[in-house]
Amino acid sequence: QVQLVESGGGSVQAGGSLRLSCAASGGSFRTSIMGWFRQAPGKERELVGNLILTNGVTYYVDPVKGRFTISRNNARNTVYLQMNSLQPEDTAVYFCATGRVFGSRDMRDYSSWGQGTQVTVSS
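What comes next is a walk through the structure. No experiment lies behind these values; they were computed from the predicted model shown.

1. Looking at unusual backbone geometry
In terms of backbone geometry, most residues other than glycine have negative phi values and most peptide bonds are trans. Residue Asn 77 is not a glycine yet carries a positive backbone phi of 50 degrees. Mapping Asn 77 onto the fold places it in the loop between strand E7 (68-73) and strand E8 (78-83). One non-glycine residue with positive phi stands out, namely Ser 85, at about 50 degrees. Residue position: Ser 85 is located in the loop between E8 and strand E9 (92-99).

This is the structure in structure tokens:
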């Protein structure tokens with residue numbers, strides 16, 4: 001399994017922006033699909049979106065559509081999650097993961113996970 005390292009979390013006020021990064025340690029992601037998930041306190045981990053690394057095609061869940069953007073830099077083995085117009089309900093620990101089914105919300109379709117990075121949005 002590949003090791004993933006997230007970074008870029010922090011605290012912002014509502015309406016602000018953050019960009020999270022997910023880097024593959026020691027080489028490539030060894031997959032064609034990357035996922036971003038989040039887990040709020042007391043809630044289950046949920047899918048935020050997917051990216052196909054080869055062609056850049058993305059998928060987003062409805063609550064983040066139009067606000068979040070997933071992109072990649074294949075040369076740097078890094079995937080990004082740009083989050084704009086953040087709201088308090090976006091507060092969560094954000095994780096990246098390597099996947100095998102595009103658009104899947106089932107965590108069993110994801111193998112390698114990062115340690116997560118905290119995002120806190122205040123009103």
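Picking up after the structure, the text goes on.
2. Observations concerning the environment of Ala 24
With respect to the secondary-structure elements, Ala 24 resides in strand E3 (residues 18-25). Overall, Ala 24 belongs to the buried group, its relative accessible area being 10%. Taking the C-alpha atoms as reference points, Ala 24 and Leu 4, separated by 20 residues in sequence, lie 4.8 Å from one another. Among residues more than four places away in sequence, those in contact with Ala 24 are Val 2, Gln 3, Leu 4, Phe 29 and Asn 77.

Conventions we followed
Residues numbered from 1 in each chain as written. Predicted model: local features only at pLDDT ≥ 70, side-chain atom pairs only at ≥ 80, totals over all residues. Heavy atoms only, no water. Helix = DSSP H or I, 4+ residues; strand = E, 2+ residues; numbered from the N terminus. Buried < 20%, exposed > 50% of the residue type's maximum accessible area, 1.4 Å probe, protein only. Contact = heavy atoms within 4.5 Å.

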